[in-house]
2 protein chains.
Amino acid sequence: MNKPEIPTLDDVAKEARVSTATVSRCLNFPDRVSSKTRDKVLKVVKDLGYTPNFGAQALAAKRTNTFGAIVPTMNNAIFAAGLQAFQEELGRNGATLLLASSSYSAEVEEEQIRSLVARGADGLLLIGTQRNEKIYSFLEDRKIPYVISWSYQDDKTRSCVGFDNFQASYELTTKAINLGHKKFAVISAHANSNDRAYNRVKGIRKALKDNNIDEQNLPLIECGYSIENGSQSFKAHIESNNRPTIVMCGNDVLAAGAVKQAHQMGLKIPEDISITGFDNIELASVIEPALTTVHVRHKRMGMVAAQVLLKQVEDKSYRENIKLETRIIEGKSLAKPS
Amino acid sequence: MNKPEIPTLDDVAKEARVSTATVSRCLNFPDRVSSKTRDKVLKVVKDLGYTPNFGAQALAAKRTNTFGAIVPTMNNAIFAAGLQAFQEELGRNGATLLLASSSYSAEVEEEQIRSLVARGADGLLLIGTQRNEKIYSFLEDRKIPYVISWSYQDDKTRSCVGFDNFQASYELTTKAINLGHKKFAVISAHANSNDRAYNRVKGIRKALKDNNIDEQNLPLIECGYSIENGSQSFKAHIESNNRPTIVMCGNDVLAAGAVKQAHQMGLKIPEDISITGFDNIELASVIEPALTTVHVRHKRMGMVAAQVLLKQVEDKSYRENIKLETRIIEGKSLAKPS
DNA sequence: TTGTACGCGTTATCAA
DNA sequence: TTGATAACGCGTACAA
């Protein structure tokens, strides 16, 4: 037996004295082959160290067992946790993750979607709902399954696995109101092209309105995702001429910046000022005082999203809209105003 | 013109009244085609919405423009930052990232390496140096370029982009010794199959030895990467019958856990106990007191690793060994013992 | 500068 | 249960 450097199906077939069809079957449908020939073939496969050529396989089978995900950034604990779970679940099902990031830009995201599809992704994980309608058509024309994650929506034509940002935010705000807060300020991530941020703010406004607190003039600062931005925005709120008793932050990272700044300004939390976060990343429990925030099941979301996507590949008409629960984490950063 | 649902090179050729070869050239070597035919062809490409079939392209060209990376976990800020930069640099060069994670397991990593190669990765990003030699042969036999990252080694036959964990750790320890510390304790990530952790501990021991401090009996606890583990290990060190004046942690996350625990135990940092970290993740500056830690250029590492890898694809014999500098971040968590 | 024609390594259909 | 063989869509010598 002369061992070729990089063996093909043909090499295996010749060596095992069967046809290429039989070898292919041994690998893909072992039960449609007699155990005798199967053993013989698999032995040769092993001896030769054969692995299918990916390009050829993709060309012939019209599938790659590869799934794409486009996240705003990997450099954010919430996406990292979700992605990790998504990838693990794919792995358990013999599939691989193709990953891109959009830097929170809708145009870049669109490019990346096209790029991952061009790269042969069998399906896509998308984050949030907010994107150009034509990109959805693009995917639907090509019959590429996709799942929207991190956000929940009722649209039965599109699968999603997410949570109700509006509702969670509403509840947290209501809690603060019940404690006696009336003067609110908000630090949010940029809300255009980010429906999570948008709905969190919306939830706050609705709760204020429902409790007859002026929400038209709610002090709101939008900024990019970073501790530093959280600090600066917090400072601006505190130094405004209508100082709030509570600063609600769109996510834990911004809240961490706010807390840091509060310390630097000599403000005690929650005696002098209450601060809330959102996401309950690990950071939230390390901060002093521990953040009052909203817990979100990122890992579960990633796992379930992978499952839904895999089902959609099997059954192109399968759709599912899953809302995962959230819950308020009682930290020490929210208390009644003094 | 009848528009096919999913156009092929052939469709474009027919519509533009040229050969498939010409269309292919227009796309891959635009300058080897007259501007007149090029314009004509590209217009048809656009009109038809043609995109190359990935499988066919890979099969014919023997490359996928896809690069694999296997990280221990995405759920760790340092890998997330490096990966993000790696992916961005790939993207700038028209390549895509295939991502897998090993959960810090050598066997899983090996599986993933084989899997990514089977998925057509043109090259691989590996983390750390410690793995079975046969997996290197596997890659070399198949002429798959790879770059080792996060660790630096002198081996000129293998490219790497990393930093000197030993040296950085040595310097940080020396600094502590110079402040007067003599009673050390260490919390480290598991050091088998993790040369970063291994070398950081080694750097501590060497510094102790060079300063005539007993390093044979250095209290050392190895644990998994989490805040909770950091807390528990810290508690164990403090409650031992030979209480240290400083607890050096193998990374910032463990250090964060230690700091949290110190607060809970009513210990003041750095008056009662000094704590150090490693990595300088964003978290380090939010903790009170800010961590004294080692800054590492993760983003730069990811970017440079991508560049080296891309070069290796062009020139299979190209190798580079790059050591990135580190520097100590002076926080407030390290001071002279009282 | 352009076209012809073959090869790439699988999968899958159909017949034996 | 197995084998022969036709796609699959693109790249690229080679020829014109």
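What counts, and where the lines are drawn
Residues numbered from 1 in each chain as written. Chains lettered and ligands numbered in written order. Predicted model: local features only at pLDDT ≥ 70, side-chain atom pairs only at ≥ 80, totals over all residues. Helix = DSSP H or I, 4+ residues; strand = E, 2+ residues; numbered from the N terminus. Rg over C-alpha atoms; globule rule 2.2 N^0.38 Å. Buried ≥ 20, exposed ≤ 12 C-beta atoms within 10 Å, placed from the backbone. Contact = placed C-beta atoms within 7 Å. Least-squares fit on C-alpha atoms with pLDDT ≥ 70 in both. Expected span 1.5 Å × (residues − 1). Pairing = 2+ DSSP bridges. Axes fitted to C-alpha atoms, helices over the stretch in contact; angles between N-to-C directions. Nonpolar A, V, L, I, M, F, W, Y, C, P; charged D, E, K, R; others polar. Near = placed C-beta within 6 Å. Domains from an automatic or database assignment. Parallel < 35°, antiparallel > 145°, perpendicular 65-115°, else oblique. Left-handed = near helix turned anticlockwise from the far one by under 90°.

Student: What is the right way to read the overall build of chain A from this model?
Tutor: If you tally the helices and strands in chain A, you get 13 helices and twelve strands. A compact globule built from 338 residues would reach a C-alpha radius of gyration of about 20 Å, whereas chain A, at 26 Å, exceeds it by more than 25%. C-alpha atoms of chain A, sized along the principal axes, occupy 85 × 35 × 30 Å. Buried residues in chain A amount to 50% of all 338 residues. Partitioning the contacts of chain A with sequence separation of at least 6, the portion at a separation of at least 24 is 68%.

Student: Can you walk me through the relation of the copies chain A and chain B in this structure?
Tutor: To go from the first copy of the chain to the second, apply a rotation about an axis and then a shift along the same axis. Take chain A, turn it by 180 degrees, move it 0.0 Å along the axis, and it overlays chain B with an RMSD of 0.1 Å. Both chain copies can therefore be described as sitting about a two-fold axis. Looking at the interface residues of chain A, 97% of them are also at the interface in chain B, so both copies use one shared face.

Student: Mind showing me how you'd approach helix α8 (residues 165-179) of chain B here?
Tutor: Side chains of residues three or four places apart in an α-helix project in the same direction, reflecting 3.6 residues per turn. All names here are of chain B. In this model, α8 (15 residues) spans 21 Å end to end at C-alpha, consistent with the 21 Å of a helix rising 1.5 Å per residue. All buried positions along α8 are accounted for by Asn165, Phe166, Ala168, Ser169, Tyr170, Leu172, Thr173 and Ala176. Among the residues trailing α8, Gly180 stands out with phi positive, at a value near 115 degrees.

Student: Is there a simple way to think about the sheet that holds strand β3 (residues 123-127) of chain B in this case?
Tutor: By way of backbone hydrogen bonds, the strands of a sheet pair with one another, either parallel or antiparallel. The strand order across the open sheet formed by twelve strands is β11(A)-β5(A)-β4(A)-β3(A)-β1(A)-β2(A)-β2(B)-β1(B)-β3(B)-β4(B)-β5(B)-β11(B), and the pairing between neighbours is mixed. Strands with a single pairing partner mark the edges of an open sheet, and in this sheet they are β11 (321-324) of chain A together with β11 (321-323) of chain B. Between one strand axis and the next, the sheet turns through 20 degrees on average, direction left out of account. Bridge count between β3(B) and strand β4 (residues 146-151) of chain B: four bridges; the pairing is parallel.

Student: What should I look at first to understand the interface of chain A and chain B in this one?
Tutor: Much of the literature gives interface size as the accessible area that the parts lose upon coming together. Facing 36 residues of chain A, the contacting portion of chain B comprises 37 residues. Here the residues of the side of chain A that touches chain B sort into 19 nonpolar, 13 polar and four charged.

Student: Hey, could you run me through unusual backbone geometry in this one?
Tutor: Peptide bonds are, in most cases, trans, and in most cases residues other than glycine have a negative phi. Omega for the bond connecting A:Ile269 with A:Pro270 falls within 30 degrees of zero, at 5 degrees, which places this linkage in the cis form. Note the cis peptide between A:Glu288 and A:Pro289, where omega equals -10 degrees. Along the chain, A:Pro289 falls in the loop between α12 (283-286) and β10 (293-296). Positive phi, close to 75 degrees, is recorded for A:Trp150, a residue that is not glycine. When you line up the elements, A:Trp150 lands in strand β4 (residues 146-151). For B:Lys143, which is not glycine, the phi dihedral falls at a positive 55 degrees. Mapped onto the elements of the fold, B:Lys143 is located in the loop between α7 (133-141) and β4.

Student: Mind showing me how you'd approach the protein's contact with DNA strand D here?
Tutor: Taken together, 26 residues lie around DNA strand D, and A:Ala21, B:Thr8, B:Leu9, B:Ala56 and B:Ala60 are the ones closest in. Put simply, the parts of the chain that give the surface near DNA strand D at least two residues each are α2 (20-28) and α4 (54-61) of chain A together with α1 (9-16), α2 (20-28) and α4 (54-61) of chain B. Partitioned by chemical class, the residues of the surface near DNA strand D number twelve nonpolar, eleven polar and three charged.

Student: I keep staring at the domain arrangement of chain A and nothing clicks. Help me out?
Tutor: Residue and element names in this part refer to chain A. Once the domains are mapped, chain A shows domain 1 (9-52), domain 2 (64-164 + 297-326) and domain 3 (165-295). Of the residues lining the interface, 13 residues belong to domain 2; the matching set on domain 3 comes to 14 residues. Sorting the residues of the side of domain 2 that touches domain 3 by element identifies α5 (77-92) and β4 as the ones contributing at least two each. Split by residue class, the side of domain 2 that touches domain 3 holds six nonpolar, six polar and one charged.

Student: Just checking my understanding: could you explain the protein's contact with DNA strand C for this structure?
Tutor: Residues in contact with DNA strand C amount to 26 residues; listed here are only the nearest, A:Leu9, A:Asn53, A:Ala56, A:Ala60 and B:Ala21. Only α1 (9-16), α2 and α4 of chain A together with α2 and α4 of chain B provide two or more residues apiece to the surface near DNA strand C. Classifying every residue of the surface near DNA strand C by side-chain character gives 13 nonpolar, eleven polar and two charged.

Student: Is there a simple way to think about helix α6 (residues 106-118) of chain A in this case?
Tutor: The end-to-end C-alpha distance of α6(A) is 18 Å, a good match for the 18 Å that 13 residues give at a rise of 1.5 Å each. Within the span of α6(A), buried status applies to A:Glu109, A:Gln112, A:Ile113, A:Ser115, A:Leu116 and A:Val117. In this structure, the buried side of α6(A) is in contact with β1 (66-71), β2 (96-101), β3 (123-127) and α7 (133-141) of chain A together with β2 (96-101) of chain B. Positive phi shows up at A:Gly120, right after α6(A), with a value of about 90 degrees.

Student: What exactly am I supposed to notice about the pairing of strand β5 (residues 160-163) of chain A here?
Tutor: Moving residue by residue along a regular strand, the side chains alternate between the two faces of the sheet. All names here are of chain A. Neither face of β5 is open: one carries Cys160 and Gly162, the other Val161 and Phe163, and all of them are buried. Relative to β5, β4 runs parallel, the two being bridged by four bridges. The residue bridging Trp150 from the neighbouring strand is Gly162, located in β5. Across four bridges, β5 lies against β11 in parallel orientation. Bridging from a neighbouring strand, Gly162 pairs with Lys323 of β11.

Student: I'm lost on the packing of α1(B) against helix α3 (residues 35-48) of chain B in this one. Help?
Tutor: A packed helix pair is summarised by two numbers, namely the angle formed by the two axes and the spacing between the axes. All names here are of chain B. One way to put it is that α1 packs onto α3 with a least axis distance of 9 Å and a crossing angle of 125 degrees. Classed by the angle they form, the pair α1 and α3 counts as oblique. Between α1 and α3 the crossing geometry is right-handed. Side by side, α1 and α3 meet where Asp11, Val12, Glu15 and Ala16 of the first sit next to Lys40, Val41, Val44, Val45 and Leu48 of the second. Here the contact of α1 with α3 is built from residues that sort into six nonpolar, no polar and three charged.

Student: How should the packing of α1(B) against α2(B) be read in this particular structure?
Tutor: All names here are of chain B. With their axes 8 Å apart at the nearest point, α1 and α2 run at an angle of 105 degrees to one another. Regarding the angle of α1 to α2, the classification is roughly perpendicular. Judged by residue contacts, Leu9, Asp10, Val12, Ala13 and Ala16 of α1 engage Thr20, Val23 and Ser24 from α2. Counted by class, the contact of α1 with α2 contains five nonpolar, two polar and one charged residues.

Student: Where do I start with the environment of A:Lys260 in this structure?
Tutor: Along the chain, A:Lys260 turns up in helix α11 (residues 252-264). With 21 C-beta atoms packed within 10 Å, A:Lys260 lands in the buried category. Apart from residues no more than four positions distant in its own chain, A:Lys260 is found in contact with A:Ile227, A:Ser231 and B:Val286.

Student: Looking at this structure, I do not really get the sheet that holds strand β8 (residues 246-249) of chain B. What am I missing?
Tutor: Residue and element names in this part refer to chain B. Reading across from one edge, β7-β6-β8-β9 is the order of the four strands in this open sheet, with parallel pairing throughout. The open sheet is flanked by β7 (220-223) and β9 (274-276), the only strands paired with a single partner. With strand direction ignored, the average angle separating the axes of adjacent strands in the sheet is 15 degrees. Taken together, the four bridges between strand β6 (residues 184-189) and β8 define a ladder with parallel strand orientation. The residue bridging Phe184 from the neighbouring strand is Ile246, located in β8.

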